[in-house]
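As a plain string of letters, each chain reads:
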Amino acid sequence: DDLNSGIEALRVLISELKETLDVQFKEGVEKINKQFQDFFVLMFGGGGAHLSVVTENKKVKKNDELDLATDIEDDGEVLFEQGIEININIPQKKVKDLHMLSGGERSLTSIALLFAISQVNPPPFLVLDETDAALDEANSRKYGNMLENLSKYSQLVVVTHNRETMSRAQVLYGVTMDSTGVSKLLSIRLQDASAYAK
């Protein structure tokens, strides 16, 4: 009786946890959607983007131990698996599928989504490593604008070779090598550099 009541209590707990996780997951997606829309419009100058939760039905064989490449039997158990689909609408383009975008457009969409996720619950700092590598000059300016917006909420550490991105920084750190072949770490505040230039 104790075991049966324990099993039943666990089943109830699992069911409650699944419901709670499902609700929190959908609420999280909605929060990300609001931020994603804002960042996407900043990147592309219009259009729209949102995430939608999709559910797939997958059949699982009763005997998974053998893992043979055989056809799935009709009597297999059906599992419901949730996933995320990215829907986009770029201004002056009819393309709505992520696979049909150019490399730069895909990068911009990915960056907008990454920034949207980070701003739902802003962390104290973010490390961005070469996230702007695939961007051209015009898109780098948009990326720089987004970095300035993000820097209001989080401290940013950005690894980049992009001049436009570097121009938005407050402090630059770089590594150089002199004639002796020894690497040196350089740092400069851009405000000080502009004062020196004058």
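Source: prediction; values computed, not measured. (Residues numbered from 1 in each chain as written. Predicted model: local features only at pLDDT ≥ 70, side-chain atom pairs only at ≥ 80, totals over all residues. Heavy atoms only, no water.)

Q: Which residues make up the overall build of the chain, and what values go with them?
A: Across its full length, the chain holds five helices and six strands. Starting at the N terminus and walking to the C terminus, you meet the elements of the chain as α-β-β-α-β-α-β-α-β-β-α. For the chain, the residues scored as buried account for 22% of the 198 residues in total. Across the chain, the fraction of contacts at a sequence separation of at least 24, relative to all contacts at a separation of at least 6, is 56%. With an accessible surface of roughly 14,400 Å², the chain has 54% of that area assigned to carbon and sulfur atoms. (Helix = DSSP H or I, 4+ residues; strand = E, 2+ residues; numbered from the N terminus. Buried < 20%, exposed > 50% of the residue type's maximum accessible area, 1.4 Å probe, protein only. Contact = heavy atoms within 4.5 Å. Areas by Shrake-Rupley, 256 points an atom, 1.4 Å probe, with all protein chains shown as cover.)

Q: Would you mind going over the confidence of the model for the chain in detail, with residue names and values included?
A: For the chain, mean pLDDT is 82; residues scoring 70 or higher make up 87% of the total. The secondary-structure element of the chain with the lowest mean pLDDT is helix α5 (residues 190-197), recorded at 72, while helix α1 (residues 2-44) shows the highest, at 91. For the stretch residues 64-73, pLDDT sits under 50, and the model shows five contacts to residues farther than four places along the chain or on other chains. (pLDDT = per-residue confidence, 0-100.)

Q: An account of the pattern of salt bridges is requested, with residue identities and associated values reported.
A: Per the counting criterion, the structure on display carries four salt bridges. For the salt bridge of Glu 164 with Arg 168, the shortest nitrogen-to-oxygen distance reads 2.9 Å. We classify Glu 164 as buried; its relative accessible area is 15%. In the salt-bridge network here, residues are joined through shared partners; they are Glu 148, Glu 164 and Arg 168. (Salt bridge = Lys/Arg side-chain N within 4 Å of Asp/Glu carboxyl O.)

Q: Lay out a nonpolar patch on the surface with the relevant residues and their values.
A: Nonpolar side chains collect at one region of the surface, where Leu 10, Leu 13, Ile 14 and Leu 17 lie side by side and expose about 370 Å² of accessible area between them. Mapped onto the elements, Leu 17 comes out in helix α1. By relative accessible area, which is 47% here, Leu 17 ends up partly exposed. (Patch = residues over 30% accessible without salt bridge, like charges linked within 9 Å, V, L, I, M, F, W, Y side chains within 5 Å.)

Q: Any details on the environment of Asp 178? Residues and values, ideally.
A: Following the sequence through the fold, Asp 178 ends up in the loop between β5 (171-177) and β6 (183-189). On the accessibility criterion, Asp 178 (29% relative accessible area) is partly exposed. Engagement of the side chain of Asp 178 in a polar contact is seen with the side chain of Lys 184, the distance being 3.3 Å. (Polar contact = N/O pair within 3.5 Å; in protein donor to acceptor, adjacent residues only side chain to side chain.)

Q: Would you mind going over the packing of aromatic side chains in detail, with residue names and values included?
A: Tallied over the entire structure, the rule returns four aromatic pairs. Taking the centre distance of 6.0 Å and the plane angle of 70 degrees together, the rings of Phe 39 and Phe 115 count as edge-to-face. Of this pair, Phe 39 sits in helix α1 while Phe 115 sits in helix α2 (residues 103-120), placing them 76 residues apart in sequence. Residues Phe 39 and Phe 115 agree in their burial class; the two are buried. Residues Phe 40 and Phe 44 carry aromatic rings whose centres are separated by 4.4 Å and whose planes lie at 35 degrees to one another, so their mutual orientation is tilted. A residue pair is termed a helical-turn pair when its members lie 3 or 4 positions apart in one helix, as Phe 40 and Phe 44 do in helix α1 at four residues. Exposure class is identical for Phe 40 and Phe 44. Each is buried. Here the aromatic cluster, defined as three or more aromatic residues joined through ring pairs, consists of Phe 36, Phe 40 and Phe 44. (Phe/Tyr/Trp six-rings, centres within 6.5 Å; stacked < 30°, edge-to-face > 60°.)

Q: Let's hear about the layout of surface pockets: which residues, and what values?
A: In this structure, the largest pocket spans a volume of roughly 730 Å³. The wall of the largest pocket is formed by 19 residues, among which Leu 156, Val 158, Ala 169, Gln 170 and Val 171 lie closest to the centre. Elements with a minimum of two residues in the lining of the largest pocket: α3 (137-150), β4 (155-159), α4 (163-167) and β5. The element contributing the most residues to the lining of the largest pocket is β4, with five residues. For the lining of the largest pocket, a count of residues per class yields ten nonpolar, seven polar and two charged. (1 Å grid on protein atoms, 1.4 Å probe; cavity = no way out; pocket = protein on both sides within 12 Å on 5 of 7 lines; lining within 4 Å. Points joined across faces, edges and corners; volume = space filled by probe spheres on them. Nonpolar A, V, L, I, M, F, W, Y, C, P; charged D, E, K, R; others polar.)

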